[in-house]
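Here is what each chain is made of, one letter per residue.
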Amino acid sequence: MDELEGVLKGQKIAYFSMEVGLTSEIPTYAGGLGTLAGDAIRSSADLKLPLVAVTLISKRNYFKQQLDQNGKQSEQPREWNPEKYMTLLPNEVYVRIEGRSVKVKAWLYKYQSITGGVVPVLFLDTDFDGNTPEDREITFYLYGGNEKYRLKQEAILGFGGVRMLDALGFRVRKYHMNEGHSSLLAVELLRKNGMDAERVRELCVFTTHTPVEAGHDKFNYDLVTEVLETVDLSTLKQFGGTERLNMTLLALNLSNYVNGVAKRHQEISSKMFAGYEIHAVTNGVHSFTWTGDKYRKLYDKYLPGWAIEPELLAKVDTIPDEEIWQAHVEQKQILIDYANQAANATLCSDVFTLGFARRATEYKRPTLLFSNLDRLRTINEKGKFQVIFAGKAHPRDEGGKRLIEQIFSYGRQLKGDVEIVYLEDYSMDIAAKMVSGVDVWLNTPLRPMEASGTSGMKAAHNGVINFSVLDGWWIEGWIENLTGWAIGPHSTQSLDDENTSLKEAEDLYNKLEYVITPMFYDRHDEWIKMMKNSIGKIAYYFNSHRMMRRYVIDAYL
Ligand SMILES: *Cc1c(COP(=O)(O)O)cnc(C)c1O
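Report on the accompanying structure. (Residues numbered from 1 in each chain as written. Predicted model: local features only at pLDDT ≥ 70, side-chain atom pairs only at ≥ 80, totals over all residues. Heavy atoms only, no water.)

## Focus: helix α19 (residues 524–539)
Taking 1.5 Å per residue, 16 residues should reach 22 Å; α19 reaches 21 Å between its end C-alpha atoms and fits that length. If you check which residues of α19 are buried, you get Trp527, Ile528, Met530, Met531, Lys532, Asn533, Ser534, Ile535, Gly536, Ile538 and Ala539. (Helix = DSSP H or I, 4+ residues; strand = E, 2+ residues; numbered from the N terminus. Expected span 1.5 Å × (residues − 1). Buried < 20%, exposed > 50% of the residue type's maximum accessible area, 1.4 Å probe, protein only.)

Shown next, in the form of structure tokens:
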């Protein structure tokens, strides 16, 4: 087949992910999991790794976010046309769902690197004549619908994905499950390999992303029997749990290599799943994608080759301070201009600027900053600051939606003192603007909920300094007063203290007032030193080139 020419050669790593973030125009991602998958694909192409990615087309998603003047979110459908970006392949495979044979086809997107590497990405789709209207919708909504809808999606991804790779003629040496959504692929492999679990384990790699028990997908066996094709229930129970089908357990039991996405997350996962050997491959981000234009030019001038070998960023000290600062000033102006126009705001580029952008959901605690408004006013009188927020709440996450409204309300209360701006419709494009244009990147998750987090790594690529609770990747990247600042107790200190969030807020205020804003305004040389450390001691390591090389050596070979 012409479309596949050149990409079928050799044996592949098949990378399965429910969501993939390639560009803002292809809205098949909801958050960090998808942007991570996108970064894995981008780095694999740069490094010419033999990878093929499999995901769902999510044709009617992910929604466009609108916020009214009170911060009330409404969701507008975002139809997009896959034909603009990819080619529909003629091959058809079938997955039995509720007794019906559902036709599955794949859209091919070829991610091309300037190095010449190519990663094919297959977007599975069921929206075809011959399928019932209900079945045509299975690949419409990312994380949409109820449990049954989700199970159907996971069947298309797991069963359909393996079948599609076979139908297209891919030869696969490893199947990498990026989170448990795709673990039905291991059941398909059992079937293909005469129920030889040992053989299937040799073929499978599993990356877990969920540090809390409740976050793992589980399905009742009644539902499983109703929806899935005739799989032997006793086999499913043997590998996926006796009570309910636990997708994480299924993947754990059928993979020889399992990892968490940061060292702390590995420790937590090892406790949660005692008896399993769980490794750590700390996440990274695609350096070129997340570095702003001004910094790209600067790195090209002083550290040529940095985008393909981000380790070179360790030599950031060869760049003169003034040029680091100038690139930052320009990136900041781009963001401020955008925000002032998009949100009708009056942000000022001379003012110290904090940024906070991620999915709006409770564990991320975007409102911790507002624990004490009087304190914020006092801090602002000594060292003026402003804050830019962005993030969507999942349509059914009422708590997340309320958080956005609260931020708007705090913004009104602080009006005339601290300017608070919330940018609508968070996307990869807005993320790129924000992580390159603020002075400090704020992160206040409830521990241990942030398995890794990646936006702070993006910020570091732009000399933006991290100010974060010690959770996820930051435990590894943090050196106090050198690479950034911690908020709250050390990660080894107990978590069940109910005053923890009070202490965290107190620590946040103290550092903002006595350490961070004074350094920003009065000790410029020290500030630039920390910006450089962010680049030379964080970005040089927390990138997806290092991450993919680790997967190759530790998991794929
Ligand atoms: C990087 C990114 C994320 C992940 O950010 P976290 O801080 O790790 O939650 C989510 N959404 C978008 C659009 C991103 O670019």
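## A word on the nonpolar core
Across soluble globular proteins, nonpolar side chains have a tendency to be buried as a group. In terms of nonpolar packing, the biggest core is built from 66 residues, with Leu122, Leu165 and Tyr175 touching the most fellow members. Broken down by element, this core gets its largest block of residues, nine residues, from helix α3 (residues 147–168). When residues no more than four places from it in sequence are discounted, the contact partners of Leu165 are Ala14, Phe16, Val52, Val54, Leu122, Phe170, Val172 and Tyr175. Grouped together as the second largest cluster of nonpolar side chains are 52 residues, Tyr299, Ile379, Tyr422 and Val469 included. (Core = buried A, V, L, I, M, F, W, Y, C linked by side-chain atoms within 4.5 Å. Contact = heavy atoms within 4.5 Å.)

## Things to note about the packing of helix α12 (residues 321–342) against α19
Close contact between α12 and α19 brings their axes to 10 Å; oriented N to C, the two are set at 80°. Relative to α19, the element α12 is oriented roughly perpendicular. Between α12 and α19, the contacting residues are Asp321, Ile324, Trp325 and His328 on the first element and His524, Trp527, Ile528, Met531, Lys532 and Ile535 on the second. Taken together, the residues that form the contact of α12 with α19 break down as six nonpolar, two polar and two charged. (Axes fitted to C-alpha atoms, helices over the stretch in contact; angles between N-to-C directions. Parallel < 35°, antiparallel > 145°, perpendicular 65-115°, else oblique. Nonpolar A, V, L, I, M, F, W, Y, C, P; charged D, E, K, R; others polar.)

## Section: the pattern of salt bridges
Opposite charge on two side chains allows them to pair when their charged atoms are near. Evaluation of the coordinates by the stated rule reveals 47 salt bridges. Here Glu226 makes a salt bridge to Lys148, at a shortest N to O gap of 2.8 Å. One end of the pair, Glu226, is in helix α6 (residues 221–227); the other, Lys148, is in helix α3, with 78 residues separating them in the sequence. When the shortest N-O distance is used, the salt bridge between Glu513 and Lys382 registers 2.8 Å. Within this pair, whereas Glu513 is found in helix α18 (residues 500–522), its partner Lys382 is found in helix α13 (residues 373–382), the two being separated by 131 residues in sequence. (Salt bridge = Lys/Arg side-chain N within 4 Å of Asp/Glu carboxyl O.)

## Examining the sheet that holds strand β17 (residues 419–423)
Across the sheet, which stays open at both edges, the six strands sit in the order β17-β16-β15-β18-β19-β20 with parallel pairing between neighbours. Each end of this open sheet is capped by a strand with a single partner; those strands are β17 and β20 (484–487). Strand-to-strand, the axes of this sheet are offset by a mean angle of 20°, without reference to chain direction. With two bridges joining them, strand β15 (residues 352–357) and strand β18 (residues 440–443) adopt parallel strand pairing. Among the inter-strand pairings, Leu354 is bridged to a residue of β18, identified as Val440. (Pairing = 2+ DSSP bridges.)

## Comments concerning the side chain of Asn131
Tracing the backbone through its elements, the reader meets Asn131 in the loop between β8 (118–125) and α2 (133–136). Within polar-contact distance, the side chain of Asn131 engages the backbone nitrogen of Lys103 at 2.8 Å. Not counting chain neighbours up to four residues away, the residues in contact with Asn131 comprise Ser101, Val102, Lys103, Thr126 and Arg136. (Polar contact = N/O pair within 3.5 Å; in protein donor to acceptor, adjacent residues only side chain to side chain.)

## Considerations on the packing of aromatic side chains
Inspection of every chain in the model, using the stated rule, returns 24 aromatic pairs. Ring centres of Tyr295 and Tyr299 lie 5.7 Å apart, and the angle between their planes is 45°; this geometry places the pair in the tilted category. On the criterion of helical spacing, the pair formed by Tyr295 and Tyr299 is a turn pair, its members being four residues apart in helix α11 (residues 293–302). Neither residue differs from the other here; Tyr295 and Tyr299 are each classed as buried. An angle of 45° between the planes, with centres 5.5 Å apart, marks the rings of Phe356 and Phe389 as tilted. Of this pair, Phe356 sits in strand β15 while Phe389 sits in strand β16 (residues 385–390), and the two are 33 residues apart along the sequence. The two residues Phe356 and Phe389 agree in class, both being buried. Here the aromatic residues Trp325, Phe352, Phe467, Trp485, Phe520, Tyr521 and Trp527 are joined through ring pairs into a cluster of three or more. Cation over ring: Arg296 sits above Phe288, and NZ or CZ is 3.8 Å from the ring centre. Positioned over the ring face of Tyr338 is Lys433, at 4.5 Å from the centre of the ring. (Phe/Tyr/Trp six-rings, centres within 6.5 Å; stacked < 30°, edge-to-face > 60°. Lys NZ or Arg CZ within 6 Å of the ring centre and 35° of its normal.)

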